[in-house]
Amino acid sequence: MRFLDLPEDIFIEIFAHLEQEWYSVRNEAFQSLRLTCKALSVLAEPAVFAALDIRLEGTNLETLASQSSKFGVHARRLTLDLIADNTEKEWIEQLAVPTRDKHLSIVLSNLSALRDLTIHILCLTTTTTTTTTTNANENESILPQTVSALSALQRVERLRVIEGTGATKIWSLKRINTLTNHVIQALLKSSGPVLKSLSVDSMSVMSPDTFDLIRTTATQLRSLVLRNFFGIECRAMLSEEKTWACRETLRKLQFHDCRGAHAGAIASGLSTGAWAKYPLDSLEVSKCGDHDDFPSAPYQVLEANLTTLTTTSSFPTRSNNDTAPTTTKNTTANTISGVRRRNANVIEKAHYEHEFDWEMQLLGLLPVKHVTVTKTPSSLILYMLEHDLFPGMETLDLIEWKEGAPDSDTYARIETACTKRRVTLLHSAEEIVACSCPYGS
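Since we're looking at a predicted model, the values are computed, not measured.

## A word on the overall build of the protein
Here is step 1: Counting secondary structure elements, the protein contains 17 helices and twelve strands.
Here is step 2: For the protein, the proportion of its 441 residues judged to be buried stands at 52%.
Here is step 3: Long-range contacts, defined here as pairs at least 24 residues apart, represent 81% of the contacts in the protein between residues at least 6 apart.
Here is step 4: Total accessible area on the protein is roughly 20400 Å²; 50% of this is exposed by carbon and sulfur atoms.

## Focus: the pairing of strand β8 (residues 282-286)
Here is step 1: Across the five residues that make up β8, a large majority, five, are buried.
Here is step 2: On β8, burial covers both faces: Ser282, Glu284 and Ser286 on one face and Leu283 and Val285 on the other are all buried.
Here is step 3: Relative to β8, strand β7 (residues 252-256) runs parallel, the two being bridged by five bridges. Across the sheet, lysine 252 pairs through a bridge with serine 282, a residue of β8.
Here is step 4: Following the backbone out of β7, through helix α12 (residues 263-271) and into the adjacent parallel β8, one traces a crossover that is right-handed.
Here is step 5: As judged from the four bridges shared by β8 and strand β9 (residues 347-353), these two strands associate in the parallel manner. Following the sheet pairing, leucine 283 is matched in β9 by alanine 350.

## Structural notes on the confidence of the model for the protein
Here is step 1: The share of residues in the protein with pLDDT of 70 or more is 71%, and the mean pLDDT across the chain is 79.
Here is step 2: The low-confidence segment residues 130-139 (pLDDT under 50) makes 25 contacts with residues lying over four places distant or belonging to another chain.

## Topic: the pattern of salt bridges
Here is step 1: For the coordinates displayed, the defined rule picks out 15 salt bridges.
Here is step 2: With its nearest N and O atoms 2.9 Å apart, the salt bridge here joins arginine 55 to aspartate 81. A residue pair is termed long-range when its members are at least 10 positions apart, and arginine 55 in strand β1 (residues 51-55) and aspartate 81 in strand β2 (residues 77-84) qualify at 26 residues.
Here is step 3: By relative accessible area, which is 13% here, aspartate 81 ends up buried.
Here is step 4: The closest approach of N and O atoms between aspartate 212 and arginine 215, which form a salt bridge, is 3.2 Å. In this pair, aspartate 212 and arginine 215 both sit in helix α10 (residues 208-217), three residues apart, roughly one turn of the helix.
Here is step 5: The partly exposed category is assigned to aspartate 212, whose relative accessible area is 27%.

## Looking at the side chain of aspartate 397
Here is step 1: Looking at where aspartate 397 falls in the secondary structure, it is placed in strand β11 (residues 395-397).
Here is step 2: It is lysine 349 that comes nearest to the buried, bridge-free aspartate 397 among opposite-charge side chains, at 9.8 Å.
Here is step 3: Dropping the residues within four chain positions of it, aspartate 397 is found in contact with Val371, Thr372, Val373, Leu426, His427, Ser428 and Ala429.

## Quick notes on helix α4 (residues 61-71)
Here is step 1: Residues of α4 that are buried: Leu61, Leu64, Ala65, Ser68 and Phe71. One face of α4 carries all of its buried residues, which in axial projection span an arc of 135°. Summarising the geometry of α4, the exposed residues directed more than 90 degrees from the buried face are Glu62, Ser66, Ser69 and Lys70.

## What to know about the environment of valine 371
Here is step 1: Looking at where valine 371 falls in the secondary structure, it is placed in strand β10 (residues 368-374).
Here is step 2: With 19 residues separating them along the chain, valine 371 and tyrosine 352 place their C-alpha atoms 7.9 Å apart.

## Focus: the packing of helix α9 (residues 178-191) against α10
Here is step 1: With their axes 10 Å apart at the nearest point, α9 and α10 run at an angle of 20° to one another. When the interaxial angle is binned, α9 and α10 end up roughly parallel. When you trace α9 past α10, the crossing you get is left-handed. Contact residues: Asn181, Ile184, Gln185, Leu188 and Lys189 in α9; Asp209, Thr210, Leu213, Ile214 and Thr217 in α10.

## Details of the packing of aromatic side chains
Here is step 1: Per the stated rule, a full pass over the model turns up five aromatic pairs.
Here is step 2: Judged by centre distance (6.0 Å) and plane angle (75°), the ring pair of phenylalanine 211 and tryptophan 244 falls under edge-to-face. Taken as a pair, phenylalanine 211 in helix α10 and tryptophan 244 in the loop between α11 (235-238) and β7 lie far apart in primary sequence, 33 residues in all. The pair formed by phenylalanine 211 and tryptophan 244 is uniform in burial state, with each residue classed as buried.
Here is step 3: Arranged with centres 5.9 Å apart and planes meeting at 75°, the rings of phenylalanine 230 and phenylalanine 255 form a pair that is edge-to-face. With phenylalanine 230 in the loop between β6 (223-227) and α11 and phenylalanine 255 in strand β7, the pair connects residues that are 25 residues apart, well separated along the chain. Both residues of the pair, phenylalanine 230 and phenylalanine 255, count as buried.

## Thoughts on the environment of glutamate 284
Here is step 1: Looking at the element boundaries, glutamate 284 is found in strand β8.
Here is step 2: For glutamate 284 and glutamine 254, which are 30 residues apart along the polypeptide, the C-alpha to C-alpha distance reads 4.5 Å.
Here is step 3: Beyond its immediate stretch of four places on either side in the chain, glutamate 284 contacts Leu253, Gln254, Phe255, His256, His351 and Ile432.
Here is step 4: At 2.7 Å, the side chain of glutamate 284 and the side chain of histidine 256 are in polar contact.

## Details of the packing of α4 against helix α6 (residues 97-109)
Here is step 1: Contact geometry for α4 and α6: axes closest at 8 Å, N-to-C directions at 35°. Here the hand of the crossing between α4 and α6 comes out left-handed. Contacts between α4 and α6 pair Leu61, Glu62, Leu64, Ala65 and Ser68 from the former with Arg100, His103, Leu104, Ile106 and Val107 from the latter.
Here is step 2: When its residues are assigned to classes, the contact of α4 with α6 shows six nonpolar, two polar and two charged.

## A short note on α9
Here is step 1: Counted at 1.5 Å a residue, the expected span for α9 with its 14 residues is 20 Å, and the 20 Å between its end C-alpha atoms agrees.
Here is step 2: The element α9 is extensively covered by neighbouring structure, given that 13 of its 14 residues are classed as buried.

## Some thoughts on the side chain of serine 105
Here is step 1: Its location among the elements puts serine 105 in helix α6.
Here is step 2: On the accessibility criterion, serine 105 (10% relative accessible area) is buried.
Here is step 3: In this structure the side chain of serine 105 is engaged in a polar contact, spanning 2.6 Å, whose partner is the backbone oxygen of lysine 102.
Here is step 4: Those residues in contact with serine 105, other than ones at most four positions away along the chain, are Gln145, Thr146 and Ala149.

Parameters at a glance
Residues numbered from 1 in each chain as written. Predicted model: local features only at pLDDT ≥ 70, side-chain atom pairs only at ≥ 80, totals over all residues. Heavy atoms only, no water. Helix = DSSP H or I, 4+ residues; strand = E, 2+ residues; numbered from the N terminus. Buried < 20%, exposed > 50% of the residue type's maximum accessible area, 1.4 Å probe, protein only. Contact = heavy atoms within 4.5 Å. Areas by Shrake-Rupley, 256 points an atom, 1.4 Å probe, with all protein chains shown as cover. Pairing = 2+ DSSP bridges. Right-handed = clockwise from strand over helix to strand, strands pointing away. pLDDT = per-residue confidence, 0-100. Salt bridge = Lys/Arg side-chain N within 4 Å of Asp/Glu carboxyl O. Lys, Arg positive; Asp, Glu negative; His and termini not counted. Arc of directions from axis to C-beta. Axes fitted to C-alpha atoms, helices over the stretch in contact; angles between N-to-C directions. Parallel < 35°, antiparallel > 145°, perpendicular 65-115°, else oblique. Left-handed = near helix turned anticlockwise from the far one by under 90°. Phe/Tyr/Trp six-rings, centres within 6.5 Å; stacked < 30°, edge-to-face > 60°. Polar contact = N/O pair within 3.5 Å; in protein donor to acceptor, adjacent residues only side chain to side chain. Nonpolar A, V, L, I, M, F, W, Y, C, P; charged D, E, K, R; others polar. Expected span 1.5 Å × (residues − 1).

So, in structure tokens, the structure goes:
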């Protein structure tokens, strides 16, 4: 039997091995196979166009638009690079942005089977909206036809948005970037019911409209990862007594450097089951909250559930030094038993980083099996252990201790406390967000 006479199933098995290679290696291999002969060309064509990389400023955009009706049905994964600068008319004219916007929208309209979408947005503009709403229907975007085409994609299961900028003003002011919000809103409205993973690593922040779509439309969401994107504009909404649409499916939740992510709101939302009905596989909270946060902020969920989480609303005060926090009265036993009764679901693993003492008190109410703590004073870690916070903890992972450290006595007490609680102490932790603060734990 000739090689080309083998059943198609055999070729599919062979091609499956190529799918495991890096993107560039995979594409080169399939393109070479397609040029071998007509028989292999027919078999390899779906794989060649299964993963696409399209740039707004690319030289082949017009060609892709003219041929997208032929190859678009094969596309399952797309990496899309966008550039936005709506303050420089010269830039728009030189790049012919309206024409490219049209060509890109044609390509996107033919990718009906797209499952995996990564969008890189380079924002060159320093002008961003100062309002708290950015409705995608207002057509404010520099790429209106592209946004419209994205709103027609109904089968996207994994969405990653990575935003970079050459404009320091966006980063320093944490402004709402119109294009980023419009892109995410469009995809939530179209693919929200099937979206399983959403990750946004941004320089700007989301609008309240965008967050409301996340919590109301993404009914199948399993993973939500936000870096910088959750700002002060949405802080109060995070603490609203509202059930998330992904409550039945959410397993992974991460807030990194999000000023609007209040520790009390996170503890309340998870402890009451409003965000996740079943225990999370992974929870990460790093460098979150704002300097004007308070332990008992007037948020509905927090205030309504403090009585079920703890018998007192008095939490350790904000500490500016590496000393153990103090409370007005000892209610730890009642606090922990209350949590266990309120929520028997134990989070598989959690990583807390750069938290104030009262923030750790609130997050420490959540039952977790495997806890990692980094960039936190060792005295605070000791306090948490000695007051039986982190109920259900089996392992505690910290950054490796340095010999001769000034707080070596505290380290010894941490080891003793772990032994007393039958907790395995590890020293393999790595920080989530690099910084230069003095805390090495």
